[in-house]
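Working through the structure, step by step
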Amino acid sequence: MSKSYKVPVSILIVIHDGDLRALLLERADFPDHWQSVTGSQEHGESLTATATRELREETGIDAAQFGGVVDWRLCNVYEIFPQWRHRYPPGMTHNMEHVFGLRVPERLPVKLAPNEHLSSRWLPWREAADKIFSWSNREAIMQLPLRAGAHGA
């Protein structure tokens, strides 16, 4: 049986409430490192479908209940951390990440995928941005006040 590699295209979803508190997740495979919901696209899957699926898998949140995820039309290319390159095709060193947002009416309880995350926190956006380990995730959260005001995402 051949190994199934990850597609080097992913999504990042900034989930927030009306007070601009962002949901952060602590990685199980990288303790004390926090991020928004992220995940790789599956073959044949649209980016919106990837975002919706990853959100449900990682948090139990159904985006459809809140109008669906909003594509911020922001794309980042970053180098894949060396410890995770084995998940991608041989020689693959970079990933293309597409950013989405989801506004929820209040800080929701989260049902974590235990193999992916250890804990979750809702933090004010500036505090959330300071806690993030990924530059692209930090930049996305820093755009939250503008994005939330302009697009409702």
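For the structure, check the block above.
The rules we used
- Residues numbered from 1 in each chain as written.
- Predicted model: local features only at pLDDT ≥ 70, side-chain atom pairs only at ≥ 80, totals over all residues.
- Heavy atoms only, no water.
- Helix = DSSP H or I, 4+ residues; strand = E, 2+ residues; numbered from the N terminus.
- Contact = heavy atoms within 4.5 Å.
- 1 Å grid on protein atoms, 1.4 Å probe; cavity = no way out; pocket = protein on both sides within 12 Å on 5 of 7 lines; lining within 4 Å.
- Points joined across faces, edges and corners; volume = space filled by probe spheres on them.
- Salt bridge = Lys/Arg side-chain N within 4 Å of Asp/Glu carboxyl O.
- Buried < 20%, exposed > 50% of the residue type's maximum accessible area, 1.4 Å probe, protein only.
- Pairing = 2+ DSSP bridges.
- Expected span 1.5 Å × (residues − 1).
- Phe/Tyr/Trp six-rings, centres within 6.5 Å; stacked < 30°, edge-to-face > 60°.
- Lys NZ or Arg CZ within 6 Å of the ring centre and 35° of its normal.

A few points about the side chain of glutamate 54
Tracing the sequence through the fold places glutamate 54 in helix H1 (residues 47–59). If sequence neighbours within four positions are ignored, glutamate 54 has contacts with Ile11, Val37, Thr38, Gly39 and Ser40.

Notes on the layout of surface pockets
Left-over empty space is what a probe sized like a water molecule reveals as it rolls over the atoms. Estimated volume of the largest pocket: approximately 790 Å³. Taken together, 37 residues form the lining of the largest pocket, with Lys6, Arg27, Thr38, Arg87 and Tyr88 sitting closest to its centre. Among the secondary structure elements, those contributing two or more residues to the lining of the largest pocket are strand S1 (9–16), strand S4 (37–40), H1, strand S5 (70–79), strand S6 (94–103) and helix H3 (135–142). If one sorts the elements of the lining of the largest pocket by residue count, H1 sits on top with four residues.

Structural notes on the pattern of salt bridges
When the charged atoms of two side chains with opposite charge come close together, those side chains can pair. Summed over the entire model, instances satisfying the criterion amount to nine salt bridges. Measuring nitrogen to oxygen at the nearest pair gives 2.9 Å for the salt bridge that ties arginine 53 to glutamate 54. Grouping residues by exposure puts arginine 53 and glutamate 54 together as buried.

Topic: the pairing of S1
The buried fraction of S1 amounts to eight of the eight residues, a majority that puts the element mostly inside the structure. Where S1 lies against S6, eight bridges are found, and the strand directions are parallel. When the bridges of S6 are listed, valine 9 appears paired with methionine 96. When S1 meets S4, the two strands line up antiparallel, connected through four bridges. When the bridges of S4 are listed, serine 10 appears paired with serine 40.

Section: the pairing of strand S2 (residues 21–27)
A regular strand carries its side chains on alternate faces of the sheet. Of all seven residues that make up S2, six are buried, and the element is covered over most of its length. Bridge count for S2 against strand S7 (residues 117–124) is seven bridges, and the pairing is antiparallel. Counted as the bridge partner of leucine 23 is tryptophan 122 from S7. When S2 meets strand S3 (residues 34–35), the two strands line up antiparallel, connected through two bridges. Bridged to glutamate 26 within S3 is tryptophan 34. Hairpin connection, S2 to S3: the antiparallel pair is bridged by six residues, and aspartate 32 has positive phi, about 70°.

Some words on H1
With 13 residues, H1 should cover 18 Å at 1.5 Å per step; its first-to-last C-alpha distance of 18 Å lies within 8% of that length. Every buried residue of H1 is accounted for by Thr50, Ala51, Arg53, Glu54, Leu55, Glu58 and Thr59. The secondary structure elements touched by the buried residues of H1 are S1, S2, S4, S6 and S7.

Observations concerning the packing of aromatic side chains
Here the structure, examined in full by the defined rule, presents five aromatic pairs. Note on phenylalanine 30 and phenylalanine 133: the rings are 5.4 Å apart at their centroids and 85° apart in plane angle, and the pair reads as edge-to-face. In this pair, phenylalanine 30 sits in the loop between S2 and S3 while phenylalanine 133 sits in the loop between helix H2 (125–131) and H3, placing the two residues 103 residues apart along the sequence. Centre to centre, the rings of phenylalanine 81 and tryptophan 84 are 5.3 Å apart; their planes meet at 65°, and the pair counts as edge-to-face. Judged by relative accessible area, which is 33%, phenylalanine 81 ranks as partly exposed. Site record: aromatic cluster; members linked through ring pairs are Phe30, Phe81, Trp84 and Phe133. Of note, arginine 27 hangs over the ring of tryptophan 84, and the distance from its end group to the ring centre comes to 4.2 Å.

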